[in-house]
Every structure is written in structure tokens, then in C-alpha cells.
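Here are the chains, one letter per residue:
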Amino acid sequence: MQRVCFLLKVRQDRIAEYRERHAAVWPEMREALSATGWHNYSLFLRDDGLLVGYLETEDFGAARAGMEATEVNARWQTEMSPFFESLDGSRPDEAMKPLTEVFHLA
């Protein structure tokens with residue numbers, strides 16, 4: 001099982017709405033994530049907008065490709081894109097660059 005961690009930056013003026021939107025993630029989005037191999041997925045948001053994402057998956061590339069193929073993900077990414085800084089034209093899911101793990105205590 002791969003453990004994946006990534007960072008994104010939520011715009012300061014959108015933090016409250018971002019929190020609200022993630023308190024009510026669409027059921028079909030939750031189902032798609034589970035069905036495509038996203039497990040133990042969490043998002044942590046610091047007050048300055050730093051977003052830390054963590055998930056476990058058998059194959060992150062396959063999990064991303066699985067979500068890429070869903071209609072619900074296309075809708076979700078379109079709605080979420082304006083919340084982020086520095087995406088350089090990418091969708092939020094395309095901007096998830098896994099960090100290198102340097103320590104793990106099992």
C-alpha cells in the first residue's frame with residue numbers, strides 16, 4: 001500500500017467556503033474515490049490556506065487515472081479550481097505532486 005502526501009494552497013479569501021464545501025462532499029464523489037482506490041483519504045487545512053492531503057492506495061497513478069475517467073471528478077475539479085492558488089492552468093487533481101516520505105514509524 002502506498003502512502004501519498006501532497007500540498008496545495010487554498011486562496012485566503014476562499015478558505016471558509018472551502019471548509020464548507022468539504023463538510024458536504026457529494027456522495028457520488030465519495031463513492032468514486034473509494035471505487036478507484038483512494039483509501040484513508042484526509043485533507044488538513046492550515047489557517048493560512050496550506051492544504052495537506054494524505055491517502056493510501058495500491059497504485060497512485062492508477063487511482064488518479066480512475067478518477068480522471070469519471071464524470072463526477074470532472075465536475076468536482078471544475079468547481080474546486082477557483083479555490084486554489086498557483087495551479088498554472090492545471091486542475092487541482094493534476095497539481096497534486098506527491099511528497100517524498102523521509103520517515104515512517106509503523
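This text goes with the structure placed above it.
Quick caveat, the model's predicted, so the values are computed rather than measured.

A. Structural view of the environment of Met1. Of note, Met1 is situated in the segment before strand E1 (2–9). On the basis of relative accessible area, Met1 is assigned to the exposed category, the value being 58%. Distance in space between the C-alpha atoms of Met1 and Phe83 is 30 Å, their sequence separation being 82 residues. Once residues lying within four places of it in the same chain are set aside, the contact partners of Met1 are Glu56, Thr57 and Glu58.

B. Geometry of the packing of aromatic side chains. In the structure shown here, the tally under the stated rule is 5 aromatic pairs. Measuring from ring centre to ring centre gives 4.9 Å for Trp26 and Trp76, while their planes differ by 90°; the resulting arrangement is edge-to-face. Taken together, the positions of Trp26 in the loop between helix H1 (15–22) and helix H2 (27–35) and Trp76 in helix H4 (residues 71–80) put the pair 50 residues apart, joining distant regions of the chain. Note on accessibility: Trp26 and Trp76 belong to one class, buried. By way of ring pairs, the aromatic residues Tyr18, Phe83 and Phe84 are connected into one cluster.

C. Examining the nonpolar core more closely. Counting residues in each nonpolar core, the largest one holds 26 residues, and the members touching the most others are Leu8, Val10, Tyr18, Met29, Trp38, Leu51 and Phe84. Every element with two or more residues in this core is listed here: E1, H1, H2, strand E3 (50–57), helix H3 (60–68) and H4. Ignoring sequence-local partners within four residues, the contact set of Leu51 consists of Phe6, Leu7, Leu8, Val10, Tyr18, Leu43, Phe44, Leu45 and Phe84.

D. Region of interest: the sheet that holds E1. In space, the 3 strands of this open sheet follow the order E1-E3-E2, with antiparallel pairing throughout. The two strands at the open ends of the sheet, each matched to only one other strand, are E1 and strand E2 (39–45). Put simply, the sheet's adjacent strands are angled 15° from each other on average, direction ignored. Running over the sheet, H1 touches E2 and E3 and is turned about 155° from E2.

E. Inspection of the side chain of Thr57 at higher detail. Counting through the fold element by element, Thr57 comes out in strand E3. In this structure Thr57 comes out as buried when scored by relative accessible area, which is 2%. Engagement of the side chain of Thr57 in a polar contact is seen with the backbone oxygen of Gly37, the distance being 2.7 Å. Excluding its chain neighbours within four sequence positions, the residues that come into contact with Thr57 are Met1, Gln2, Val4, Gly37 and Ala63.

F. Region of the structure containing the pattern of salt bridges. This structure, assessed with the given rule, holds 11 salt bridges. Where Asp13 meets Arg11, a salt bridge forms, and the shortest distance between an N and an O atom there is 2.6 Å. The exposure class assigned to Asp13 is exposed, which follows from its relative accessible area of 56%. For Arg11, a relative accessible area of 30% translates into the label partly exposed.

Rules and cut-offs
- Residues numbered from 1 in each chain as written.
- Predicted model: local features only at pLDDT ≥ 70, side-chain atom pairs only at ≥ 80, totals over all residues.
- Heavy atoms only, no water.
- Helix = DSSP H or I, 4+ residues; strand = E, 2+ residues; numbered from the N terminus.
- Buried < 20%, exposed > 50% of the residue type's maximum accessible area, 1.4 Å probe, protein only.
- Contact = heavy atoms within 4.5 Å.
- Phe/Tyr/Trp six-rings, centres within 6.5 Å; stacked < 30°, edge-to-face > 60°.
- Core = buried A, V, L, I, M, F, W, Y, C linked by side-chain atoms within 4.5 Å.
- Pairing = 2+ DSSP bridges.
- Axes fitted to C-alpha atoms, helices over the stretch in contact; angles between N-to-C directions.
- Polar contact = N/O pair within 3.5 Å; in protein donor to acceptor, adjacent residues only side chain to side chain.
- Salt bridge = Lys/Arg side-chain N within 4 Å of Asp/Glu carboxyl O.

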